[in-house]
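Okay, here's what each chain looks like letter by letter:
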Amino acid sequence: MNVLLLSMPDSFEHTPTLTIRMPNGALASLAGNVDPHHRVSIADLVLAQQAVPETVARLMRTLEPDVVGLSVMTFQRKTAMKVIALARSIRPEVMFVVGGYDPSLAPEEYESPAAGVDFIVSGEGDLTFRDLLRALERGAGFETIPGLSYRARTGGGAFVRNPARSVSHLGDEVKPPNRAARVLSGYTMLGRQIDVVETSRGCTYDCSFCSIIEMRGRNFHTWSIARVVADIADAKARGARTIFLVDDNITLNAARFRALCDGIVAAGLHDIDYIVQGMTSAIANGGDELAAAMRKAGFRYVFLGIENILADDLTFLKATAKNSQREGGRTVGNATTRAVDILHKHGMLVVGGLIVGSPGDTRESIEANLAFARRYVDWPYIQHPTPYPGTPMTKDFREKNLIVNDRVDEYDGTTAVVRTEALEAEEIEFLRWRAERWMKVRHVPKVFAHDPGFVLTHGIRMFRHTFRGTTLKTWLGLESERQAFVRYRAIRRKEREFFSNHEDREGKEGPEGQTTGTQTLALNMKN
Ligand code: B12
Ligand code: SF4
């Protein structure tokens, strides 16, 4: 069968496509696990953000897929529906499969006939998708495939939800990703080609804002160091110079993480820049030994899930335990500053994940977190609590009646869609927006020291992107920053519209490295 796998083009304020365009790891994993006689093509639509409809149309016409699979996060739902409608208009006979966080956690949104979806894969998709293709090929029924929902052939075509599939214990069960299936090019992290690698799946914590627990329960499974090292070598052989380890929580087993660092060095793969996300407690408790091993292996950016520096907010977010520093079996305080200090001491940079706008937050508590970020983190990754489907936090916000926006395409983490008891959502977003832009500018010298060519070529555009909405009048003090903020929000809303006036845009050039409608860039038809 001809299979086309798509990830959505919608991107996040802190990972603008001008500087960061990452492959979706789920799609390469699916491609690696289907039976080898299928022809699978992966297209990450962030690579074609300026020409989404044109690219989808071109892929549908040139690849002639029998099955199209879409990976969808909640804030990408609206775009996914439009992609399906367009693709179906070009090839009405195609079968559409959706998977990922949103279809898994809000399946009802995809079950209405208007959505145009034929199958929903919940939770891990590697084996379910493989089994679905087998069933389609044989013309067999779908009722024995765990993790799959499908439209019944009788009874009005309602969706049938099969029982969930148990989480995979990894090992040899889930085969390595197939990166060769990617048909678009232009992946980048500040000018260096980037790839993603998984070393484990799952987490045993239960932070109230995180979708992972509802998605797969509380568990943690790992691949062998040998498999991970081979996977990194594969990414490197295909040109990657930066690798993001996308594990949910790699630091759950610090000894294994340390062994992985040693394995990377032993395999000579420490000439790559690594990015990883981890818990402050694990980094603080791992101390100099773990941090030195990480640096030696090439780790450059460490995303720390700090979440909040105030105890009450951490309690609300259920993120106290993972941010606690422990000594002699006892909690002795918050681990955040120690984790930051250790990473800095060993030459690594901190991406500070903070969440501002929990129900009890006031102007002062938000400012305290922003001041902390200003002082301690290298790149701010500050978000607002966002009520994703199925999370305990969503329930809390709903019960407190604090959700003010139900347009899920705006659930991108930096649009405030909930208010606190003391502050309006817009005010919370304004406070974050106003402070964060300057924190980003401050990081530029460190980027310049590492990638001078990239900053020289793209510096002005990076600055203009960060300050979009701000005009000469704002700089001269002739209008308030709030007016610039209103303009920024309008620009942001427009950026989410990938399908408006697409006929007018045909042929328009996108940012450097992005595929556009008229380019025939890297359509790799060989696999
Ligand atoms: C890595 C990651 C990122 C990377 C993205 C890299 C990339 N291009 O993929 C970065 C840092 C850029 C990122 C950013 C964001 N992320 Co993110 N991210 C993750 C993370 C940590 C791991 C995802 C991953 O790659 N897993 C490995 C793959 C193999 O697993 P998987 O994606 O689950 O895929 C499996 C199944 O879902 C399924 N599947 C997935 N797609 C499909 C498609 C089909 C057809 C089928 C059949 C099956 C299937 O099968 C796959 C294989 O088993 C998760 C989870 C977490 N613990 O935080 C969050 C997570 C996915 N992110 C999330 C969010 C909200 C975001 C942001 C909006 C804001 C933020 N919190 O940072 C931005 C926006 C991203 C963007 N497009 O711009 C949420 C999604 C919630 C939701 N309900 O939508 C998660 C769950 C975290 C959370 N807060 O709970 N993210
Ligand atoms: S520690 Fe990280 S992955 Fe685990 S539940 Fe909390 S936010 Fe999610």
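Analysis parameters
- Residues numbered from 1 in each chain as written.
- Chains lettered and ligands numbered in written order.
- Predicted model: local features only at pLDDT ≥ 70, side-chain atom pairs only at ≥ 80, totals over all residues.
- Heavy atoms only, no water.
- Core = buried A, V, L, I, M, F, W, Y, C linked by side-chain atoms within 4.5 Å.
- Buried < 20%, exposed > 50% of the residue type's maximum accessible area, 1.4 Å probe, protein only.
- Near = heavy atom within 4 Å.
- Polar contact = N/O pair within 3.5 Å; in protein donor to acceptor, adjacent residues only side chain to side chain.
- Helix = DSSP H or I, 4+ residues; strand = E, 2+ residues; numbered from the N terminus.
- pLDDT = per-residue confidence, 0-100.
- Contact = heavy atoms within 4.5 Å.
- Salt bridge = Lys/Arg side-chain N within 4 Å of Asp/Glu carboxyl O.
- Pairing = 2+ DSSP bridges.
- Axes fitted to C-alpha atoms, helices over the stretch in contact; angles between N-to-C directions.
- Expected span 1.5 Å × (residues − 1).
- Parallel < 35°, antiparallel > 145°, perpendicular 65-115°, else oblique.
- Left-handed = near helix turned anticlockwise from the far one by under 90°.
- Nonpolar A, V, L, I, M, F, W, Y, C, P; charged D, E, K, R; others polar.
- Phe/Tyr/Trp six-rings, centres within 6.5 Å; stacked < 30°, edge-to-face > 60°.
- Lys NZ or Arg CZ within 6 Å of the ring centre and 35° of its normal.

As a further point, take the nonpolar core. In terms of nonpolar packing, the biggest core is built from 52 residues, with Ile232, Ile243, Phe257, Met294, Phe299 and Leu304 touching the most fellow members. By size, the runner-up hydrophobic cluster in this structure holds 51 residues, among which are Met8, Phe96, Val447 and Phe499.

Below, the discussion takes up the site of ligand 1. Every one of the 40 residues lining ligand 1 counts as a neighbour, but Ser71, Asp126, Ser211, Gln277 and Tyr381 are closest to it. Measuring from a nitrogen atom of ligand 1, one finds a side-chain N or O atom of Gln76 at 3.5 Å. A distance of 2.9 Å separates an oxygen atom of ligand 1 from a polar backbone atom of Gly125. Sorting the residues of the shell around ligand 1 by element identifies helix 1 (25–33), strand 4 (67–71), strand 5 (95–99), helix 6 (126–138), helix 7 (212–216) and strand 19 (379–383) as the ones contributing at least two each.

Mean pLDDT over the chain works out to 93, with 95% of the residues at or above the 70 mark. Predicted confidence is poor over residues 504–512, with pLDDT under 50, and the contacts of this stretch with residues over four places away or in other chains come to 20 contacts.

Okay, unusual backbone geometry next. Positive phi values are uncommon outside glycine, yet Leu170 reaches one of about 60°. Residue placement: Leu170 occurs in the loop between strand 8 (159–161) and strand 9 (188–189). Assessed through its relative accessible area of 3%, Leu170 is described here as buried. Unusually for a residue other than glycine, Lys318 sits at a positive phi of about 50°. Its place among the elements puts Lys318 in the loop between helix 11 (311–316) and strand 16 (324–327).

In this section: the pattern of salt bridges. A full pass over the atoms with the stated rule returns 47 salt bridges. Ionic pairing is found between Arg468 and Glu13, a salt bridge with its closest N-O pair at 2.7 Å. Pair noted here: Arg468 is in the loop between helix 16 (452–466) and helix 17 (472–475) and Glu13 is in the loop between strand 1 (2–7) and strand 2 (20–21), with a separation of 455 residues, a long-range link. For the pair Arg468 and Glu13, one class covers both residues: buried. Residue Arg489 is joined to Glu429 by a salt bridge in which the shortest nitrogen-to-oxygen separation is 2.8 Å. Residue Arg489 is found in helix 18 (residues 481–495), and its partner Glu429 is found in helix 15 (residues 425–450); the two are separated by 60 residues along the sequence.

Another aspect to go through is the sheet that holds strand 6 (residues 119–121). Pairing within the open sheet is mixed, and its seven strands lie in the order 3-1-4-5-6-7-8. One side of each edge strand has no neighbouring strand; the edge strands of this open sheet are strand 3 (39–44) and strand 8. For this sheet, the mean angle separating the axes of adjacent strands, direction not counted, is 20°. As defined by bridge partners, strand 4 adjoins strand 5 across five bridges and the pair is classed as parallel. Note on strand 5: the bridge partner recorded for Ser71 is Gly99.

A few words on helix 2 (residues 52–63). Spacing of three or four residues puts side chains on the same side of an α-helix, whose turn is 3.6 residues. In this model, helix 2 (12 residues) spans 16 Å end to end at C-alpha, consistent with the 16 Å of a helix rising 1.5 Å per residue. Burial within helix 2 is extensive, with 10 of its 12 residues counted as buried. Those residues of helix 2 lying buried are Val52, Pro53, Glu54, Thr55, Val56, Ala57, Arg58, Leu59, Met60 and Leu63. One or two steps after helix 2, the chain reaches Glu64, where phi turns positive at roughly 45°.

Direction vectors running N to C along helix 1 and helix 6 enclose 50°, while the axes themselves pass 9 Å from each other. Between helix 1 and helix 6, the angle is such that the two are oblique. Considering only the axes of helix 1 and helix 6, their crossing is right-handed. Contacts from Ser29, Leu30 and Asn33 of helix 1 reach helix 6 at Asp126, Phe129 and Arg130. Class assignment of the residues belonging to the contact of helix 1 with helix 6 gives a composition of two nonpolar, two polar and two charged.

Turning next to the sheet that holds strand 19. Taking strand neighbours across the sheet as the criterion, the six strands line up as 10-13-14-15-18-19 in an open arrangement whose pairing is parallel. A single partner strand is all that each edge strand has here, and the edge strands are strand 10 (194–197) and strand 19. Strand-to-strand twist of the sheet, defined as the mean angle between neighbouring strand axes without regard to direction, takes the value 20°. Strand direction decides the pairing type here: strand 10 and strand 13 (residues 242–245), joined by four bridges, are parallel. Note on strand 13: the bridge partner recorded for Val196 is Phe244.

Within this structure, the stated rule accounts for 18 aromatic pairs. Here a set of aromatic residues connected by ring pairs shows up, and it is made of Phe430, Trp433, Phe485 and Tyr488. Over the aromatic face of Trp223 sits the side chain of Arg227, whose NZ or CZ is 3.8 Å from the ring centroid. A cation over a ring is seen here: Arg482 above Phe430, with NZ or CZ 4.1 Å from the ring centre.

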